[in-house]
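Structure at a glance
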Amino acid sequence: MALISCCFDSGFELPELFDTFVQKCTDPGCCCGCCSALRPRYKRLVDNIFPVNPEDGLVKSNMEKLTFYSLSSPDKLDRIGEYLYQKASKDINRKRYRFVEIAMEAMDILLQACHAQTTLNLFVESFLRMVQKLLEDSNPTLQILATNSFVKFANINEDTPSYHRRYDFFISKFSSMCHGNNDNTELRDNIRLAGIKGLQGVIRKTVSDDLVENIWEKQHMEKIVPSLLFNMQSGDLTPVEDATQVTPPALAEEVLRELVGRASFGHIRSVLKPLLTHLDRHELWVPNTFAIHTFRIVMISIQPQYSYTVVETLMQHLDNNFKSSPKTRTSLAVVLSKIIAIAAGESVGPSALDIINNLLTHLKTSVGTTTEITPEESQYQEALINALGEFANHHPDYQKIEIMLFIMNTVPDLTKKSKGDQMLQNILLKSLLKVGTQYNTVSFEKAFPASFLQPLLKMARAPHDPTRIIVMKIFQALLDRHQNEKVLSMVSVKPYAALSQEPPSRSDIIFTHKYGANIMQALIDSLALSDKVDSLTSSYNTAALLLVEMACGETVQEFLLFILGIQQVAVIAEDLSDLHKCCLHAIAIALLTLAARVTGITNLLEYAQKIIEARKEDAGHFLPSIMEPNNKPSTTKFNLNLPHLSIDKIALAECLQNAGMDFNRLQSGVPYTLNQKDNPSHRHSWVESVSNQMTQRNSSTDLTTYNGDNDSISSSPGVAKKALAPEYTVDAMKRYLAEPSEAMKKEMQEKQKQIVRAFRESNFEELMKRTEPKHDVLQNRLNDLFSSLALDNKATQNVNNNNNQDKPIYETYFPELFYY
């Protein structure tokens, strides 16, 4: 083999020689001096950047000349790039990798120097061909080198658009590099890092230019997203502080953040679908640590207004996995609960209720598809309830009320007593309780709107004990403004330690007068339904919280009537067991002592202590000790006929009177009874309007007649006859007959309110029974009146007939003709 080669040692004939002579003489070892002189200048400049010894690297001075020439003659850029590509291709085939690296380095320098030229597009084609040529080689060094060059190119902002570039090969190649499995750990990590960087470069280059290939298409996202997740799951999920070296998991997470952050509303699903598919195929839902980590990255990186789309997509995926194992569905629900709070701040109005509706639908499906709740299915339901609670927690209070009302409207009717309906009732009420615990009660009027309070009170009378207990917990969560729920969890007549309270506001007092009776009636019905200790304790806890939050001088009479109503149920109700009646007596005395301490009425507390001391001696079963878990009732019957140990209504009125407080409501009112239905939503009625009109009248005679009507008073439910004045002197009677005092006016107004309340809250059948005697008397009077009118009418007609007979016929039929 000759050490020196010549261009003319080629075997070409003479005509062919001149045509191919310039292209052929590219070898630096050529002996023909004329060959170098005949070659174009750009080729000579390119040849000069390569050293004789490849280890010496790029000839910097000649590279500067080539760069200057490229800037001076930008039209030669495409030829320079093509020539460098040809030289690199030959060097790759000859395994001369050091010369290939020099050629790639020259390409990078020219790209950075000439990126502002309008003809850069033509050079980029040669550049991308060279990058692709290097990536196709099996040498990892060349692959990493080509990737780094592509990343530099991706960071360049081009002024001129490109219409014909395609990045399919680069996406496929970089994705395959992300899955590199070289035995050398360091080399494997370097290849994976290069692949991730390459995908990052493709994303940056394509997202910013709408004219190039759409990176969000399905075939591209199914390669990019799994490649990033594959690298993320191989690393430690705990963040490492002061990390000096970039690792594939950390870089993959960064690229995923960038990809999600650049996604628009129409493209976010293109990222989420391959993400969910990857988690399904590799069974990464159980355990769900990696899934939670990944979706948190997505929710933090996504544009806030699109976060609802992630929740919606995850819910749809949960729908598609309804036949999966409970563990998988539970993990999906837990992931949902972890990320749903992030989306809650951006979802308002219909979107918020849509999420709530989807969660409730999943709960109903879970209950409806299983005949018996297994522990795994129960965990799934708890995860859904937690997700609902987390979602509601990040909404303002007014939306929480709307959410609770929405949930309440989905609870099955109490008339459905099947096991499945009861299970669904409990599940939905648990979700309602979860939202209620997140609500910060300030005003009871806002926490208990009529549309929400009415169905809640109906559920408080549910025959199923677990359902009723959950409803009581909902009341406790909304009533407990001072964290007294745990303090009042035990029925006791002893002072409660660390009991926090403050006087109720004016709005709370108004709420008590408007709806307090409805709540107390529901509590009495709840107490009478079961003799189980946990059920009675939950109802007591609710009543105690109601008393602590609302009791004051203006409302204490209502609570005393409530306590008397509990005692009356224990005395009158025949279908209750003896143990149940004893528990009701114990709850009544415990609430009485609590009311005395909360309101600070000393006389009332002394009276309660006397009853307690008397019961300790003669009737210990009437004290709260009977409800202690360790105190098992004996089989012997209890002595329930102990009227002297009961709470006396007259004594309570005397305690209030001695304390200088109003006692008329307690003296004239009737204790609450069982099964008295409520209707808190009914506010304005004809009874109230009539009462207001009567109050506005100036005639004292009308008021006196109205209030003094014995039949009207006796037929009005909840109103007793008017008591005489305590003094019977002549002066007192004169004052009484002359003009009613302020106290009498207040008493008349209070009685009118009682009539209004009775007609508003009582059911129709009860009103009919109470007013039936009056209606009979009135009907008889009307019949007599109509009869007398009929007789008078007949007599008048007879007289007229006689008169008409005396007159001429023309005067009878035409009287107007004869008027003067």
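A short tour of the structure in this document, coming up. (Residues numbered from 1 in each chain as written. Predicted model: local features only at pLDDT ≥ 70, side-chain atom pairs only at ≥ 80, totals over all residues. Heavy atoms only, no water.)

Looking now at the overall build of the protein chain. Regarding its fold elements, the protein chain presents 37 helices and zero strands. The buried share of the protein chain, reckoned over its 820 residues, is 47%. Taking the intrachain contacts of the protein chain between residues at least 6 apart in sequence as the baseline, contacts between residues at least 24 apart amount to 73%. A total of about 42000 Å² of accessible surface is found on the protein chain, and carbon and sulfur atoms cover 52% of it. (Helix = DSSP H or I, 4+ residues; strand = E, 2+ residues; numbered from the N terminus. Buried < 20%, exposed > 50% of the residue type's maximum accessible area, 1.4 Å probe, protein only. Contact = heavy atoms within 4.5 Å. Areas by Shrake-Rupley, 256 points an atom, 1.4 Å probe, with all protein chains shown as cover.)

Looking at the secondary structure, you find S149 in helix α8 (residues 140-154). Judged by its relative accessible area of 1%, S149 is buried. A polar contact is formed between the side chain of S149 and the side chain of D108, at a distance of 2.9 Å. Excluding anything up to four places from it in sequence, S149 contacts M104, D108 and F127. (Polar contact = N/O pair within 3.5 Å; in protein donor to acceptor, adjacent residues only side chain to side chain.)

L84, F295, F448, L592 and I647 are the most contacted members of the largest nonpolar core, which has 220 residues in total. The leading source of residues in this core is helix α27 (residues 578-599), at 13 residues. Excluding residues within four positions of it along the chain, F448 makes contact with L453, L456, F475, L478, L479 and F511. (Core = buried A, V, L, I, M, F, W, Y, C linked by side-chain atoms within 4.5 Å.)

Here the focus is the pattern of salt bridges. Applying the stated criterion across every chain yields a total of 25 salt bridges. Notably, a salt bridge pairs R96 with D91, separated by 3.8 Å at the nearest N-O pair. By relative accessible area, D91 is classed as buried at 7%. Of the charged contacts, one joins R468 and D465 as a salt bridge, the two residues approaching to 2.3 Å between their closest N and O atoms. Residue R468 and its partner D465 are both found in helix α23 (residues 465-479); the two are separated by three residues, about one turn of the helix. For D465, a relative accessible area of 14% gives the class buried. Put simply, R39, D47 and K87 are held in one network by salt bridges that share partners. (Salt bridge = Lys/Arg side-chain N within 4 Å of Asp/Glu carboxyl O.)

The next thing to look at is the packing of helix α13 (residues 268-281) against helix α14 (residues 289-301). Between α13 and α14, whose axes approach to 11 Å, the crossing angle comes to 170 degrees. Considering the angle they form, α13 stands roughly antiparallel to α14. Contacts between α13 and α14 pair L272, L275, L276 and L279 from the former with F290, A291, T294, F295 and V298 from the latter. Tallied by class, the residues present in the contact of α13 with α14 amount to eight nonpolar, one polar and no charged. (Axes fitted to C-alpha atoms, helices over the stretch in contact; angles between N-to-C directions. Parallel < 35°, antiparallel > 145°, perpendicular 65-115°, else oblique. Nonpolar A, V, L, I, M, F, W, Y, C, P; charged D, E, K, R; others polar.)

Here V286 and P287 are connected by a cis peptide whose omega angle stands at -10 degrees. Turning to its location among the elements, P287 is positioned in the loop between α13 and α14. Non-glycine residue E283 carries a positive phi angle of around 55 degrees. Its location among the elements puts E283 in the loop between α13 and α14. By relative accessible area, which is 65% here, E283 ends up exposed. The phi angle at Q483 is positive, at roughly 55 degrees, despite the residue not being glycine. Relative to the helices and strands, Q483 resides in the loop between α23 and α24 (506-527). On the basis of relative accessibility, which here comes to 62%, the residue Q483 falls in the exposed class.

For the rest of this paragraph, the subject is helix α28 (residues 602-618). An ideal rise of 1.5 Å per residue puts 24 Å on 17 residues; α28 measures up with 25 Å between its terminal C-alpha atoms. Within α28, burial applies to L604, Y607, A608, I611, I612 and R615. For α28, the buried positions fall inside an angular range of 140 degrees around the axis, keeping them on one side. Residues of α28 that are exposed and angled more than 90 degrees away from the buried face: K610, K616 and E617. Against α26 (556-572), α27 and α29 (649-658) lie the buried residues of α28. (Expected span 1.5 Å × (residues − 1). Arc of directions from axis to C-beta.)

The full count for this structure, using the stated rule, is 17 aromatic pairs. Consider the rings of Y42 and Y83, whose centres lie 6.3 Å apart with planes at 90 degrees: the pair is edge-to-face. Highlighted residues: Y42 in helix α3 (residues 41-48) and Y83 in helix α5 (residues 77-93), separated in sequence by 41 residues. Residue class for Y42 comes out buried when judged on its relative accessible area of 11%. For Y83, a relative accessible area of 3% corresponds to the buried category. An aromatic cluster is defined as three or more aromatic residues linked by ring pairs; in this entry it consists of F127, F150, F153, Y167, F169, F170 and F174. A cation over a ring is seen here: K87 above F50, with NZ or CZ 4.9 Å from the ring centre. (Phe/Tyr/Trp six-rings, centres within 6.5 Å; stacked < 30°, edge-to-face > 60°. Lys NZ or Arg CZ within 6 Å of the ring centre and 35° of its normal.)

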